[in-house]
Amino acid sequence: LIEGAIETGSYVRPGDMGWFASPPAAAEAVIDLAGIEPGMLTLEPSVGEAAIAVLAQAEGAEITAYEIDPKRAGVASNALGIDVRVYDFLSVVPAPLYDRVVMNPPFAQRADVKHVLHAIKFLKPGGRLVSIMSAGILFRTDALTTSLRDQLDHYEALPDDSFKASGTSVRTAVVV
């Protein structure tokens, strides 16, 4: 818990599983970079309460969503009008089916890096993944982070305090 608090600048109650809602501006940044067109198969592997997926759906995306927490999955199902799969995304066997992946994964202990590396395997050739991540993606030099950064086409810091309204001061970035 202490390591997570130092890394993210916030205390995560165990029942929350490290979840912080995607603020509207951050969710819009993901959708703007995703370039979703009507009919695109789009995966949201850690949908939370569907802030990003709702915007993707409004662009015409056909959404598949996973959420580990049953309560949040219920909220997302209602918001999206689809069944959200209650499952640990990291346990899902990859299949390159999706035109787009849009996401805001958990950050603690490099979970964001692990989720994005796994999610890349779900993209069709020519597909695009856009994710909110800890700003550590911009500067960390460990092998896991470096291997992901080498695969990115674009990454940029989001404004400081982008997640303040969601209860954390964690510095964040958006990656493509």
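Residues numbered from 1 in each chain as written. Predicted model: local features only at pLDDT ≥ 70, side-chain atom pairs only at ≥ 80, totals over all residues. Heavy atoms only, no water.

> An account of helix H3 (residues 51-58) is needed here, citing residue identities and associated values.
All of the buried residues along H3 are Ile52, Ala53 and Ala56. For H3, the angular spread of buried residues about the axis comes to 95°, placing them on one side. Taken together, the buried residues of H3 touch helix H2 (24-34), strand S1 (41-44), strand S2 (62-67), helix H4 (70-80), strand S4 (98-103) and strand S5 (123-134). Residue Gly60 follows H3 closely and has a positive phi angle near 105°. (Buried < 20%, exposed > 50% of the residue type's maximum accessible area, 1.4 Å probe, protein only. Helix = DSSP H or I, 4+ residues; strand = E, 2+ residues; numbered from the N terminus. Arc of directions from axis to C-beta. Contact = heavy atoms within 4.5 Å.)

> Give a detailed account of the pattern of salt bridges, specifying residues and quantitative values.
On inspection of all chains with the given rule, the structure shows 5 salt bridges. Ionic pairing is found between Arg72 and Asp69, a salt bridge with its closest N-O pair at 3.9 Å. For the pair Arg72 and Asp69, a shared accessibility class is recorded, and that class is buried. When the shortest N-O distance is used, the salt bridge between Asp99 and Lys124 registers 3.3 Å. (Salt bridge = Lys/Arg side-chain N within 4 Å of Asp/Glu carboxyl O.)

> Let's hear about the nonpolar core: which residues, and what values?
One finds Val47, Val102 and Ile132 to be the most contacted residues of the largest nonpolar core, which totals 28 residues. Broken down by secondary-structure element, the contributors of at least two residues to this core are H2, H3, S2, H4 and S5. The dominant element in this core, judged by the number of residues it contributes, is H2, at 5 residues. Beyond its immediate stretch of four places on either side in the chain, Val102 contacts Val30, Ile31, Ala34, Ile36, Thr42, Leu43, Glu44, Pro45, Ile52, Ala56 and Val130. (Core = buried A, V, L, I, M, F, W, Y, C linked by side-chain atoms within 4.5 Å.)

> Lay out the packing of H2 against H3 with the relevant residues and their values.
Angle between the axes and distance between the axes: these two values describe a pair of packed helices. Where H2 meets H3, the axes come as close as 9 Å, and the angle between the chain directions of the two elements is 40°. Between H2 and H3, the interaxial angle falls into the category oblique. Read as a crossing pair, H2 and H3 show a hand that is right-handed. Along its contact with H2, which presents Ala27, Glu28, Val30 and Ile31, the element H3 presents Ala51, Ile52, Leu55 and Ala56. For the contact of H2 with H3, the class distribution of residues is 7 nonpolar, no polar and 1 charged. (Axes fitted to C-alpha atoms, helices over the stretch in contact; angles between N-to-C directions. Parallel < 35°, antiparallel > 145°, perpendicular 65-115°, else oblique. Left-handed = near helix turned anticlockwise from the far one by under 90°. Nonpolar A, V, L, I, M, F, W, Y, C, P; charged D, E, K, R; others polar.)

> Tell me about the pairing of S1, and name the residues and values.
Both S1 and S2 contribute to a ladder of 4 bridges, which runs parallel. The partner of Thr42 across the bridge, within S2, is Ile63. The pairing of S1 with S4 spans 2 bridges and is parallel. Counterpart to Thr42 in the pairing with S4 is Arg100. (Pairing = 2+ DSSP bridges.)

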